[in-house]
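If you want the building blocks of each chain, they are given just below.
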Amino acid sequence: MNNKNLKGIIESLLFAWGEPLNINEISKILNIKASEITVLLNQMSESFEQDTERGLIIQKFGNSYQLTTKKENFDFIQSLLQTQVNKSLSSAAMETLSIIAYEQPVTKVEIELIRGVKCSNVIKGLIDKNLIKEVGKIDKPGRPTLYATTDEFLKHFGLKSIDELPALKTEKDEENEA
Amino acid sequence: MNNKNLKGIIESLLFAWGEPLNINEISKILNIKASEITVLLNQMSESFEQDTERGLIIQKFGNSYQLTTKKENFDFIQSLLQTQVNKSLSSAAMETLSIIAYEQPVTKVEIELIRGVKCSNVIKGLIDKNLIKEVGKIDKPGRPTLYATTDEFLKHFGLKSIDELPALKTEKDEENEA
Amino acid sequence: MEYSVNLCVFQGPFDLLFHLIEKKEISIYDIPISEITEQYLDYLDQMRQFNMNITSEFILMAATLIEIKAHMLLPVKENQEDPRAELVNKLLEYKMFKDVAEQLKQYENESSFYFSKPKEEIAITSDVKVEQLSLNEINIYELYNIYLSLIKKQNIKIEHENSYKIYKETFSVKECMDNLMKKLKEHGRVSLFNTIKEQTKITKEFVITNFLAVLEISNTQGIRIFQNDTYSDILIITM
């Protein structure tokens, strides 16, 4: 693999991950020394920044890097996202909460796959409200956090235990329908 | 604004949107004719594809474009995300969808004649999943609804347009081949 | 104890007919109607035996087949169309779409090699006060419905790759083997069905573990295993 291909792979990884990604994770996946990854990332960061044809930049947070849009394009992005119906915070929170309730323990990436939007802030809000909590980390790349509902969640919805959640239709029921 | 800047902004928009984004939407935001946007997008798509330093490509689904990772980087991303996502449809859904794709616009009765089984629930399921939509009613007794596929359908199967569907083979074609 | 066995699941009467025709390797243009009708009806019987839901479409096809069969017995008039023609045409049309459905299935797999990313969250900025999060009016069933519509809409099913739950093994193959061997020593023969029935609460795991135990014993010890018919009791006898 040459450096050009490696840069491509790193861009793919940053894109798919969405959040700041630690150099050590990238280093593990590519099986290349972290110091070499740092060199590549710095080159990429610089070329993204300078190339006016690019709309993305690589931001550095400590030892982690994240793909984000360029600041100067913010107005366009805002007008794009606002042309669409803005979901109220509580409906975003309810969606996220329902997924955590049924899929728990579940990672942020999994929640985002179902909702189709980023969920970091909503998750933070739900933790603050004590409706969900972190229950551990999965021992796999990125060490993603697992979220689950709290006792406060049960109390809020008047449930004795999580088993009392309305039963989901089984796979077979679905099959007959879809 | 020169074309280079425009490409940067378009990349930002596609990135922020995540989903396939319609050309008309981009055209409205940039206040530039849709035909010009198409030209820019096609140039971008080609240069992303060819540049090995890039890990992303622009995929076309109907009149919409989406930023995705390159296929050849799948394994690396998979080992980072490690989440298994099962998006596949049931055979009943797949059969119904095939008939709608080729015969569109088509009524429920026509689909049921070909499949030999009732399809109401399957059709409802496909509408829920946004793979098909109602496109009108026939002006005859019962006013039957006509169904057609959506852009989401194209995306689900990785097709640029409906013309890319595999060619229907009659029994005779197969005999000629064999 | 009631058994529910999964026969092949067919999408409809055409699907079943195709299966029968392909199994026999016969030409679709010259279907031996009386043979196929018999097999078709046999199959419906099996479905009934296993409490499978036979929809009206399957019955209708049975009636159609019998009607065609009756027509075939009548003397052929000149210029008369083959009584099978309409059925064959329908079958061919169905097959065309069935083949395409399979090809689309491949496209579906293929398209999963591309990753996209979730939409940015600009509308919901971090400085929104948490207090605005009002869940008071929402009950658990609304929560349930929200979840259901989400997974339906996205057409996504998450498969947790690392299973988070680990169940303790309640009975081991070794235990079941010991139990079976003890009985064998006492009586010289053991009925697998009776052994399973002795358990107060019969679970799938218990049945499977016992079955594995029988296989394991047959591997290592001098025994013979008998079964008269498919699905009938399994007898274990010392040699």
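Reference entry: report on the structure contained in this document. (Residues numbered from 1 in each chain as written. Chains lettered and ligands numbered in written order. Predicted model: local features only at pLDDT ≥ 70, side-chain atom pairs only at ≥ 80, totals over all residues. Heavy atoms only, no water.)

**Side note on the packing of aromatic side chains**
- For the coordinates displayed, the defined rule picks out 11 aromatic pairs over all chains.
- Each ring, one from B:Phe74 and one from C:Phe113, has its centre 4.6 Å from the other, and the planes form 90°; the classification is edge-to-face. A residue pair is termed interchain when its members come from two chains, as with B:Phe74 in helix H4 (residues 74-81) and C:Phe113 in the loop between helix H4 (85-111) and helix H5 (140-154).
- Judged by relative accessible area, which is 15%, B:Phe74 ranks as buried.
- Through pairs of rings, three or more aromatic residues link up here, namely A:Tyr102, C:Tyr144 and C:Tyr147.
- When the ring centre of A:Phe48 is taken as reference, the NZ or CZ atom of A:Arg54 above it lies at 4.2 Å.
- Here C:Lys117 stacks its cationic end above the ring of B:Phe15, 4.3 Å away from the centre of that ring. (Phe/Tyr/Trp six-rings, centres within 6.5 Å; stacked < 30°, edge-to-face > 60°. Helix = DSSP H or I, 4+ residues; strand = E, 2+ residues; numbered from the N terminus. Buried < 20%, exposed > 50% of the residue type's maximum accessible area, 1.4 Å probe, protein only. Lys NZ or Arg CZ within 6 Å of the ring centre and 35° of its normal.)

**Points about the interface of chain C and chain B**
- Between chain C and chain B, the residue contacts involve 40 residues of the former and 55 residues of the latter.
- Roughly 4600 Å² of surface becomes buried between chain C and chain B when both sides are summed, with 60% attributable to carbon and sulfur atoms.
- Applying the counting criterion to the chain C and chain B interface returns 1 salt bridge.
- Across the pair C:Glu110 and B:Lys71 runs a salt bridge, and its minimum N-O distance is 2.8 Å.
- When residues of the side of chain C that touches chain B are traced back to their parent elements, those giving at least two are helix H1 (13-24), H4, H5 and strand S1 (157-159) of chain C.
- No other element matches H4(C), which puts 17 residues into the side of chain C that touches chain B.
- For the side of chain C that touches chain B, a count of residues per class yields 17 nonpolar, 7 polar and 16 charged. (Contact = heavy atoms within 4.5 Å. Buried area = accessible area lost by both parts, 1.4 Å probe. Salt bridge = Lys/Arg side-chain N within 4 Å of Asp/Glu carboxyl O. Nonpolar A, V, L, I, M, F, W, Y, C, P; charged D, E, K, R; others polar.)

**Considerations on helix H7 (residues 120-128) of chain B**
Residues and elements named next belong to chain B.
- Taken together, the buried positions of H7 are occupied by Val122, Ile123, Gly125 and Leu126. Angular distribution of buried residues about the axis of H7 spans 160°; they occupy a single face of the element.
- With its phi angle positive at about 65°, asparagine 130 sits one or two positions after the end of H7. (Arc of directions from axis to C-beta.)

**Quick word on the pattern of salt bridges**
- For the structure shown, the criterion picks out 26 salt bridges over all chains.
- With a closest N to O distance of 2.4 Å, C:Glu198 and C:Lys183 form a salt bridge. Here C:Lys183 lies in helix H6 (residues 173-187) and C:Glu198 lies in the loop between helix H7 (192-197) and helix H8 (204-220), a separation of 15 residues in the sequence.
- By relative accessible area, C:Glu198 is classed as exposed at 52%.
- Through salt bridges with shared partners, a single network forms among A:Glu11, A:Arg54, B:Glu11 and B:Arg54.

**Here we look at the pairing of strand S6 (residues 145-149) of chain A**
- The element S6(A) is largely enclosed, with a buried count of 5 among its 5 residues.
- Burial of the side chains of S6(A) extends over both faces: A:Thr145, A:Tyr147 and A:Thr149 are buried on one face and A:Leu146 and A:Ala148 on the other.

**Observations regarding unusual backbone geometry**
- A cis amide bond links A:Gln104 to the next residue, A:Pro105, at an omega of -5°.
- By the secondary structure assignment, A:Pro105 is in the loop between helix H5 (89-103) and strand S4 (106-107).
- Positive phi is not limited to glycine here, since B:Asn130 has a value of about 65°.
- Within the secondary structure, B:Asn130 is located in the loop between H7 and strand S6 (132-137).

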